Amino acid sequence: MKPLIIAAGLFLLFGSAPAQNVILDKDPAIDSLVPKRGPNRKHYLHTYMSFGFTTDPGEAGARSRQGTFGHYQLGLRYKRRLSQTFALGYEFAYDVNDLSQRQEAGKLVPDTLQYRRERLIFYNALFSPYLRINFGRRGNQLGKYVDLAAYGTYTVSHVLFQRSELPDGRNIRSRTTGLTYFQRFNYGATVRIGINKIILYGHYRLSDLFYANWNFPEPARLQVGVQFVLN
Amino acid sequence: MYSKGIAFLFFSCIACVSVFSQSPVKYRVYFKNKANQQFDPHTYFDAKAIERRARQGLSLFDSTDFPVNPSYLNEVERRVETLKMHSRWLNAAVVMATPEQMAAVSNLPFVSAVEQASGVLCLPASRDDESLPPLKKAEEMQRQIERMGASDLQTQGLHGKGVRIAIFDVGFSGADKHPAFVHLFQNQQIKGTRDFVKKRDYVYEGGWHGTAVWSCIAGKNPEGRWLGLAMDAEFLLARTELERSEPFAEEEYWVAAAEWADKNGADIINSSLGYTENRYFPEQMNGKTAFISRGANMAARKGILVVNAAGNEGSGDWGIIGAPADADSVLAVGGVEPCCDYHIEFSSFGPTADKRLKPNVAAQGRTLSAKSSGFSTVDGTSFASPLMAGFAACMWQKYPALKNMELFRLLEKSGHLYPYFDYAHGYGIPHPSRFNSEAPPEPTFNLVKDTAAAHYTVVINPSHFDSSATEFSQLLYVSEVDSRNHLIAYRVVDVSTTEPYVFKYSPFNPISRLRLHYKGYTFEQAIP
């Protein structure tokens, strides 16, 4: 009932009989209101997508394959402009961290066996507050900026994929969950360098991924990648 | 590993901040005065520039034409990385400097203000359109000038003779060898060229956009048909834009080019460009914020008619005109469809941030133009603007005693909608037959008020309705106007039947008048 009343009200206010074809209808009084939301306005909310890869090998015994994509994010970021130079913000993201373990002598994580392929994947919920420093004059654009951020993640789910090849050429794939040796809460720091909607980021985990009593070496901590602002 | 990571992040931050903040940035430095400067207009100006000033009653000794004090420039240059250029009109210098250097400069006693400028990207005011069938191109080419009275102008021998037009653009690639311009080179109608980007005189490269724009003023196709209206005008060609990127420097090039055009006797400047959201906010489109808009207004103060494209943001997020079309003394030209007098969908809307009418007038927004090789149909208010500049040149040839702003008002007045206007079409498409016509047209409709139903009904006079007319050829324009003559709302109705158009308005809007236009007749109804 309520939508009908609203529609009837709108027709009474702005309606015109449909006998002729209205091909342009503009309302400059409303169109020229100064918006509060936008890339360089007081508030800005946008989604983003990240693709990153591991750059440091990690400690001996837990070395990761470098140079392959293994970090993905789909997030929602809020920015509150403080001035033309500074902004504060926070973001939530679905974060996938895929550690592809190097199969080599001396490997310790998660076991000493060598497989044809081994991946330890964490599906995380991420929260990250940040400070943005903008450079240069700009209009309603993101412009050039550096973000300094802290982040915390909670691992919602995880899986260990292992693939072995038998002597007869057959593959055996295993999928293990319920691992108990990693910490669900992690934290770290992020640096982002952006020009408008394209961002390069470095994502460094400060916390240890594994519980200390397991005596596991730490896998790669640093990931870098590219991020795209979607809207 | 832990400490390595922290070190990495730390140095990343430092490197980023250093790269962005410590490298020299562009600033504009404004001076307080031009103390002790001398100026001889007869050695500085071209004879045509002096003639324009004399014709329009402008002083030859305007302080804005005096040179910038060289000792001020020297003092600034000693304190910055580089001095890029300076402007007499704005009494300003453009420098590359670090923030520390600028702090020192801003403390100099003769510096009135400094402002930062940096580089960003946006697009030129044109779009390609190769999709139309070739057959239609010839019709469109004819229509792009005929709807502005090409035959009337031809009959009167008005082709812009004696009028000097400066064109500011991205470059004029291939124009020196293009068949569209052979007559201009043969008749030595190009009076000066300058590339302000590369600081040289050769302008026949950089991009085809300027070539296409120029052709819409004075180009000719191989069959000898004109693409524009001012084939007898003289030309000054300036490159002020980069094709792929558009840094803030382009605004400085534009102002430098305007001073150059003024010095060399330009009567009209056509610039088919606009700067929008990459640099500015919509609320800054007030004609006073953008450097280029201030320069354009200064050019108008020198007696030059500045014609500028409204922009192609009408269907984008930005939506409105850009700079310098926002300047109050710039004739902003919107685009209409080739088929009819209806707003072409990409043409930017007005008004300015301070509610002034923009665009002022309109011309065809899809034209046949010369390109770096051959001819092509192109979309954009970039091409409506030179059509208008050509028309203005013809009218200035006919009425040489007019001052630039008198011509500006007459161009508006000769629009097909005048005295009706809206923020999509301005006053519409000018035509020479309306240039000095005062005859009121006969009523084409009646407005009937129904107090009980709180609405108005527009009844089209049957003798002014053509049942065989094509779509969008019979348009009723309706606007709600407040007490300051600002439009609160406006609409365009395609009159496809003789049925009355019933119009309701919001009792909550502060409407003081309704204004309607149909087939040359404008009617206003005060709202009690």
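Residues numbered from 1 in each chain as written. Chains lettered and ligands numbered in written order. Predicted model: local features only at pLDDT ≥ 70, side-chain atom pairs only at ≥ 80, totals over all residues.

Details of the overall build of chain A
- Of the regular secondary structure elements, chain A holds two helices and 10 strands.
- Relative to its 231 residues, chain A shows a buried fraction of 32%.
- In chain A, the proportion of contacts linking residues at least 24 apart, taken out of those at least 6 apart, comes to 62%. (Helix = DSSP H or I, 4+ residues; strand = E, 2+ residues; numbered from the N terminus. Buried ≥ 20, exposed ≤ 12 C-beta atoms within 10 Å, placed from the backbone. Contact = placed C-beta atoms within 7 Å.)

With respect to the overall build of chain B
- In terms of regular secondary structure, chain B is built from 13 helices and 21 strands.
- Scored against the burial criterion, the 528 residues of chain B give a buried share of 51%.
- Pairs at least 24 apart in sequence give 75% of the contacts found in chain B among residues at least 6 apart.

Some details on the environment of His203(A)
Residue and element names in this part refer to chain A.
- Mapped onto the elements of the fold, His203 is located in strand β9 (residues 198-205).
- Take His203: there are 27 C-beta atoms within 10 Å of it, and that puts it in the buried class.
- For His203 and Asn21, which are 182 residues apart along the polypeptide, the C-alpha to C-alpha distance reads 56 Å.
- If near-sequence neighbours (up to four positions away) are discounted, His203 is found in contact with Gly52, His71, Gly188, Thr190 and Gln223.

Description of the confidence of the model for chain B
Residue and element names in this part refer to chain B.
- Confidence along chain B averages 87 in pLDDT terms, with 88% of residues attaining 70 or more.
- Under a pLDDT of 50 for its full length, residues 119-125 has, in the predicted model, 27 contacts with residues more than four places off or in other chains.
- Confidence drops under pLDDT 50 across residues 127-135; counting only partners more than four residues distant or on other chains, this segment forms 12 contacts.
- Of the two predicted TM-score estimates for the complex, the pTM is 0.83 and the ipTM is 0.81. (pLDDT = per-residue confidence, 0-100.)

Notes on the sheet that holds strand β15 (residues 445-450) of chain B
Residue and element names in this part refer to chain B.
- Read across the open sheet, the three strands follow the order β15-β16-β19; overall the sheet is antiparallel. Every other strand in the sheet has two partners, leaving β15 and β19 (501-504) as the edge strands with one partner each. In this sheet, adjacent strand axes meet at a mean angle of 25° when their direction is disregarded.
- Taken together, the six bridges between β15 and strand β16 (residues 455-460) define a ladder with antiparallel strand orientation. Within β16, the residue paired with Asp450 across the bridge is His455. (Pairing = 2+ DSSP bridges. Axes fitted to C-alpha atoms, helices over the stretch in contact; angles between N-to-C directions.)

Section: the pairing of strand β6 (residues 144-165) of chain A
Residue and element names in this part refer to chain A.
- Summarising the sheet, strand β5 (residues 117-135) and β6 pair through 17 bridges and their orientation is antiparallel. Looking at the pairing, Tyr123 lines up with Ser157 of β6.
- Across 11 bridges, β6 lies against strand β8 (residues 185-195) in antiparallel orientation. Bridge pairing links Ala150 to Ala189 in β8.

Looking at unusual backbone geometry
Residue and element names in this part refer to chain B.
- At the junction of Ala323 and Pro324, the peptide bond is cis and its omega measures out at 10° in the coordinates.
- Residues Lys358 and Pro359 are joined by a peptide bond in cis, for which omega reads -10°.
- Following the sequence through the fold, Pro359 ends up in the loop between β11 (330-336) and β12 (361-364).
- Of note in the backbone geometry, Asn36 takes a positive phi value of approximately 65° without being a glycine.
- Looking at where Asn36 falls in the secondary structure, it is placed in the loop between β1 (25-31) and α2 (41-44).

Re the nonpolar core
- In terms of nonpolar packing, the biggest core is built from 147 residues, with Ile165(B), Ile268(B), Ile269(B), Leu331(B), Val333(B), Met388(B) and Ala392(B) touching the most fellow members.
- The greatest single-element share of this core, amounting to 11 residues, is contributed by helix α12 (residues 381-398) of chain B.
- Core analysis: the second largest hydrophobic core is formed by 11 residues, Leu120(A), Ala149(A), Tyr151(A) and Ala220(A) among them. (Core = buried A, V, L, I, M, F, W, Y, C linked by C-beta atoms within 7 Å.)

Topic: the domain arrangement of chain B
Residue and element names in this part refer to chain B.
- For chain B, the domain assignment lists domain 1 (22-117), domain 2 (127-434) and domain 3 (445-526).
- Inter-centroid distance (C-alpha atoms) of domain 2 to domain 3 is 31 Å.
- In this complex, domain 2 contributes 11 residues to the contact, which on the side of domain 3 involves 12 residues.
- Split by residue class, the side of domain 2 that touches domain 3 holds seven nonpolar, no polar and four charged. (Domains from an automatic or database assignment. Nonpolar A, V, L, I, M, F, W, Y, C, P; charged D, E, K, R; others polar.)

Some points on α12(B)
- With 18 residues, α12(B) should reach 26 Å at 1.5 Å per residue; the first-to-last C-alpha distance of 26 Å fits that figure.
- Taken across its 18 residues, α12(B) has 17 buried, putting it largely inside the fold. (Expected span 1.5 Å × (residues − 1).)

Topic: the sheet that holds strand β18 (residues 487-494) of chain B
- Across the sheet, five strands lie side by side as β1(A)-β18(B)-β17(B)-β20(B)-β21(B); this open sheet has antiparallel pairing. Edge positions in the sheet fall to β1 (21-26) of chain A together with β21 (521-526) of chain B, since each of these pairs with one other strand and no more. Adjacent strand axes in the sheet meet at a mean angle of 15° when their direction is disregarded.
- For strand β17 (residues 475-481) of chain B and strand β20 (residues 513-518) of chain B, the ladder comprises six bridges, and the chain directions are antiparallel. Looking across to β20(B), one finds that Tyr477(B) is bridged to His517(B).

What to know about the packing of helix α9 (residues 209-218) of chain B against α12(B)
Residue and element names in this part refer to chain B.
- With their axes 7 Å apart at the nearest point, α9 and α12 run at an angle of 35° to one another. As α9 packs across α12, the resulting crossing turns out to be right-handed. Of the residues in α12, those touching α9 at His209, Ala212, Val213, Cys216, Ile217 and Ala218 are Ser382, Phe383, Pro386, Leu387, Ala389 and Gly390.
- Looking at the contact of α9 with α12, its residues break down into nine nonpolar, three polar and no charged. (Left-handed = near helix turned anticlockwise from the far one by under 90°.)

With respect to the pairing of β5(A)
- Judged from the 15 bridges that link them, strand β4 (residues 86-100) of chain A and β5(A) form a sheet pairing that is antiparallel. Bridge assignment links Ala87(A) to a residue of β5(A), and that residue is Arg132(A).

Let's talk about the environment of Arg301(B)
Residues and elements named next belong to chain B.
- Within the fold, Arg301 resides in helix α11 (residues 291-301).
- For Arg301, a count of 16 C-beta atoms within 10 Å gives the class partly exposed.
- Spatially, the C-alpha atom of Arg301 lies 9.1 Å from that of Met405, the residues being 104 residues apart in sequence.

Some points on the packing of helix α10 (residues 249-263) of chain B against α11(B)
Residues and elements named next belong to chain B.
- Contact geometry of α10 with α11 gives a least axis separation of 8 Å together with a crossing angle of 10°. Classified by the angle their axes make, α10 and α11 are roughly parallel. Contacts between α10 and α11 involve Glu251, Glu252, Trp254, Val255, Ala258 and Asp262 from the former and Phe291, Ile292, Gly295 and Ala299 from the latter.
- Residue composition of the contact of α10 with α11, grouped by class: six nonpolar, one polar and three charged. (Parallel < 35°, antiparallel > 145°, perpendicular 65-115°, else oblique.)

Overview of the confidence of the model for chain A
- Mean pLDDT over chain A stands at 88; residues scoring 70 or higher make up 90%.
- Here residues 1-18 of chain A is a poorly scored stretch, pLDDT under 50, and it has eight contacts once near neighbours within four places are set aside; other chains count.

Considering the environment of Pro528(B)
All names here are of chain B.
- Inspection of the secondary structure assignment puts Pro528 in the segment after β21.
- Under the C-beta neighbour-count criterion, Pro528 is labelled exposed, with 6 such atoms within 10 Å.
- Put simply, Pro528 and Val94 are 434 residues apart on the chain and 54 Å apart in space, counted from C-alpha to C-alpha.

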